[in-house]
Amino acid sequence: MLYDPIKTTIGKLAGYHPIARVIIYKMLDLVLLRAWYVKREIKRFAGSRQRPIEVLDAGSGFGQYTYFIASRYTRSLVSGVDLKKEQVDDCTRFFAHRKLTNARFIQADLTQFHEENKYDLAISIDVMEHIVDDVLVFKNLYHALRPGALLIISTPSDLGGSDAEDAHDESFIGEHVRNGYGMEEIKGKLMHAGFSKVEAGYSYGNPGQIAWKLSMKYPMLILGLSKWFLLLLPFYYLVTIPLCLLLNLIDVNRRHTKGTGLIVKALKLSPPENSAQ
């Protein structure tokens, strides 16, 4: 199925009223397991900094993670970059309404994004599986980061990511250019881009996969058939959400030997460490 029409529908609902958008952000933070993993890593990094940080949200979409960072770390500066002008304009209006002056949005293609030594933290959440020239983007992000900065990536793995069991299977998310990454594959690409220390772990183990199907896949399949299902969606989630939250909690507190998602952390070492090697 094509995922973009569903995202567009959600985006329209979010744009209906600023309060509706905040509610949808909160719902996505609860339902999307990747948000649990990503927010945990952001908190670990930001909490260890002694000064305000500058953050790059590479592929910011309709601003879910930019909003989390800008509203939680109000002394930090967040830049959301997205290819789609309508997303950038929409987020700019919303953040202005919320008076979050520590965030800005830029329309840019990440393959042509060039900044130098500017950011302390960059995040890329379910973006790289949409981009053919991923190594070029990794290089651009490396250059945009200051020495000692961290890049956090969430992306599907090649172990069933995008709900595809084989490299030749069609992705559940029709816009993906790859179904997922192998762990060593993405680590190798990041090292090639210049990062000196890369760690990766699986997300969406068995508990997370069940929660994803209940909370995302099945509702989207039905929404793809008829948007009238939106009227029944609150009742569906009233029944399923407690189980999904429990499964998400179990998943995020386990180490997985395999999973359909990857959480990757790549560190750009400071000059003294680089020169010592």
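Residues numbered from 1 in each chain as written. Predicted model: local features only at pLDDT ≥ 70, side-chain atom pairs only at ≥ 80, totals over all residues. Heavy atoms only, no water.

**Notes on the overall build of the chain**
Convention followed: Here a strand is any run of E in DSSP of at least two residues, a helix any run of H or I of at least four, and the numbering for each starts at the N terminus. For each residue, the accessible area found with a 1.4 Å probe, counting protein chains only, is set against the maximum for its type, and the residue is called buried under 20%, exposed over 50%, and partly exposed in between. Contacts between residues were defined by any pair of non-hydrogen atoms, one from each residue, lying within 4.5 Å.
Looking only at helices and strands, the chain features 10 helices and 7 strands. Counting the 277 residues in the chain, one finds 52% classified as buried. Relative to all contacts within the chain whose residues are 6 or more apart in sequence, the contacts with residues 24 or more apart total 78%.

**Observations regarding the packing of aromatic side chains**
Our working rule: Only centres within 6.5 Å qualify two rings of Phe, Tyr or Trp (six-membered ring in Trp) as a pair; their planes then separate them into stacked at under 30 degrees, edge-to-face at over 60, and tilted for everything else. Only lysine NZ and arginine CZ atoms are considered, and such an atom sits over a ring when it is within 6 Å of the ring centre and within 35 degrees of the ring normal.
With the rule as written, the count across this model stands at 10 aromatic pairs. Plain terms: the ring middles of phenylalanine 94 and phenylalanine 95 are 5.5 Å apart, the flat faces sit at 85° to each other, and that makes the pair edge-to-face. Taken individually, phenylalanine 94 and phenylalanine 95 each receive the classification buried, so the pair is uniform in this respect. Consider the rings of phenylalanine 95 and phenylalanine 105, whose centres lie 4.8 Å apart with planes at 65°: the pair is edge-to-face. Note that phenylalanine 95 is positioned in helix 5 (residues 85-97) and phenylalanine 105 in strand 3 (residues 103-107), a separation of 10 residues in sequence. There is no split in this pair, since phenylalanine 95 and phenylalanine 105 are both buried. Above the face of the phenylalanine 94 ring, arginine 21 is positioned so that its terminal group lies 4.7 Å from the ring centre. Here lysine 268 stacks its cationic end above the ring of tyrosine 142, 4.5 Å away from the centre of that ring.

**Here's the deal with the pairing of strand 2 (residues 77-82)**
The criterion, for reference: Note on pairing: two strands pair once DSSP finds at least 2 bridges between them. Throughout, right-handed denotes a crossover for which the path from the first strand over the helix to the second runs clockwise when the strands point away from the viewer.
By the criterion of burial, strand 2 is predominantly enclosed, with 5 of the 6 residues buried. Of the strand pairs in this sheet, strand 1 (residues 54-58) and strand 2 are connected by 5 bridges, and their pairing is parallel. Residue alanine 58 lies in a different strand from strand 2, and its bridge partner there is valine 81. What joins strand 1 to strand 2 is helix 4 (residues 64-72), and the crossover it makes is right-handed. The pairing of strand 2 with strand 3 spans 5 bridges and is parallel. By the bridge assignment for strand 3, glycine 80 is matched with phenylalanine 105. Following the backbone out of strand 2, through helix 5 and into the adjacent parallel strand 3, one traces a crossover that is right-handed.

**Notes on the sheet that holds strand 7 (residues 261-267)**
What counts is decided by this rule: Only the contacting stretch of a helix is used when fitting its axis, a line to C-alpha atoms as for every element, and angles between N-to-C directions run 0 to 180 degrees.
Strand order in the open sheet formed by 7 strands is 3-2-1-4-5-7-6, with mixed pairing between adjacent strands. Looking at strand neighbours, the two that pair on one side only are strand 3 and strand 6 (197-203), the edges of this open sheet. Strand-to-strand twist across the sheet, computed as the mean angle between neighbouring axes with direction ignored, equals 15°. Bridging between strand 6 and strand 7 involves 7 bridges; their strand directions are antiparallel. Within the sheet, the bridge partner assigned to valine 198 lies in strand 7 and is alanine 266. Packing against the sheet, helix 7 (residues 183-193) makes contact with strand 5 (145-156), strand 6 and strand 7, and its axis sits at approximately 155° to strand 6.

**Considerations on the side chain of threonine 111**
Keep this limit in mind: Contacts described as polar in this section are N or O atom pairs within 3.5 Å, which, within protein, must combine one atom able to donate a hydrogen with one able to accept it, while residues neighboring in sequence count only if both atoms come from side chains.
Mapping threonine 111 onto the fold places it in the loop between strand 3 and strand 4 (119-125). At 2.7 Å, the side chain of threonine 111 and the side chain of aspartate 109 are in polar contact. Excluding residues within four positions of it along the chain, threonine 111 makes contact with Ile131, Asp133, Leu136, Val137 and Asn140.

**Quick word on helix 4**
Buried residues dominate helix 4, accounting for 7 of its 9 residues. Within the sequence span of helix 4, burial applies to Gln64, Tyr65, Thr66, Tyr67, Phe68, Ile69 and Ala70.

**Regarding helix 3 (residues 33-47)**
We apply this condition: To estimate the expected span of a helix, count its residues, drop one, and scale the result by 1.5 Å.
Here helix 3 spans 21 Å end to end across 15 residues, near enough to the 21 Å set by a 1.5 Å rise per residue. Among the residues of helix 3, those classed as buried are Leu33, Arg34, Ala35, Tyr37, Val38, Lys39, Glu41, Ile42, Phe45 and Ala46.

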